[in-house]
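Each chain, letter by letter, is given below.
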Amino acid sequence: MTPEQRLARLGLVLPEVVTPLAAYVPAVRTGNYVYTSGQLPIVDGKLIVTGKLGAEVSDEQGIDLARICALNAMAAIISVAGDLSHIVRIVKVLAFVASTPEYTNQPVVVDGASTLFGEVLGEAGRHARSAVGVAVLPRNAPVELEVVAEVR
């Protein structure tokens, strides 16, 4: 089964690449690697939830938002690499979770993205990862994701 077929089986469609919020590009390919810019949970040009985990945003919402970030990251990757079948491996995911000082479930939230990469890409979706709690993200987003992918 191809990654596109797995995505369809999950009832998901890759979105259009999110328009940058400032002076950068969504993804850069150098050799066999693609580096994405930070991907926010933006759908149809709008940040769908704002706030912090541990306050206005629940763990369940955070997990869903991380999945949206992962979809946006895959769209950015294929914008410079072709299609999902060109992804050899998701190498590294760096996730930022806007959260209250006492909140410690950042890894649970980011599992939303990690699980989706595995569901869509299979073994190629397994990756190294960091989940970092931060005070605030651009536009008061709850989650932001950067991805490094090896491509062919």
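My aim in this report is to walk through the structure given alongside it, one point at a time.

Cut-offs used in this document
- Residues numbered from 1 in each chain as written.
- Predicted model: local features only at pLDDT ≥ 70, side-chain atom pairs only at ≥ 80, totals over all residues.
- Heavy atoms only, no water.
- Axes fitted to C-alpha atoms, helices over the stretch in contact; angles between N-to-C directions.
- Helix = DSSP H or I, 4+ residues; strand = E, 2+ residues; numbered from the N terminus.
- Parallel < 35°, antiparallel > 145°, perpendicular 65-115°, else oblique.
- Left-handed = near helix turned anticlockwise from the far one by under 90°.
- Contact = heavy atoms within 4.5 Å.
- Nonpolar A, V, L, I, M, F, W, Y, C, P; charged D, E, K, R; others polar.
- Expected span 1.5 Å × (residues − 1).
- Bend = angle between axes of the 7 residues up to and from the residue.
- Pairing = 2+ DSSP bridges.

Some details on the packing of helix α2 (residues 59-81) against helix α3 (residues 106-121)
Helices that pack against each other are described as a pair by the angle of their axes relative to one another and the distance between those axes.
Part 1: Their axes nearest at 7 Å, the elements α2 and α3 cross at an angle of 45°. Classified by the interaxial angle, the pair formed by α2 and α3 is oblique. In the crossing of α2 with α3, the sense of the turn from one axis to the other is right-handed. Side by side, α2 and α3 meet where Asp59, Gly62, Ile63, Ala66, Arg67, Ala70, Leu71, Ala73 and Met74 of the first sit next to Val108, Val109, Val110, Gly112, Ala113, Leu116, Phe117, Glu119 and Val120 of the second.
Part 2: Considered class by class, the residues forming the contact of α2 with α3 number 13 nonpolar, two polar and three charged.

Side note on α3
Part 1: An ideal rise of 1.5 Å per residue puts 22 Å on 16 residues; α3 measures up with 23 Å between its terminal C-alpha atoms.
Part 2: For α3, the principal kink sits at Gly112 and spans about 30°.
Part 3: Of the surrounding secondary structure, the elements contacted by the buried residues of α3 are α1 (3-9), α2, β5 (87-98), β6 (128-134) and β7 (143-151).
Part 4: In the stretch just after α3, Gly122 is the one whose phi turns positive, near 65°.

Regarding the sheet that holds strand β2 (residues 33-36)
Part 1: Strands sit in the order β1-β2-β7-β5-β6 across an open sheet of five strands; the sheet is mixed. Taken across any chain shown, the strands that pair with only one partner, and hence form the sheet edges, are β1 (27-30) and β6. Between one strand axis and the next, the sheet turns by 15° as a mean value, whatever way the strands run.
Part 2: Sheet analysis places β5 next to β6, joined by seven bridges and oriented parallel. Bridging across to β6, Phe96 finds its partner in Val132.

In short, shape yes, function no, at least from these values alone.
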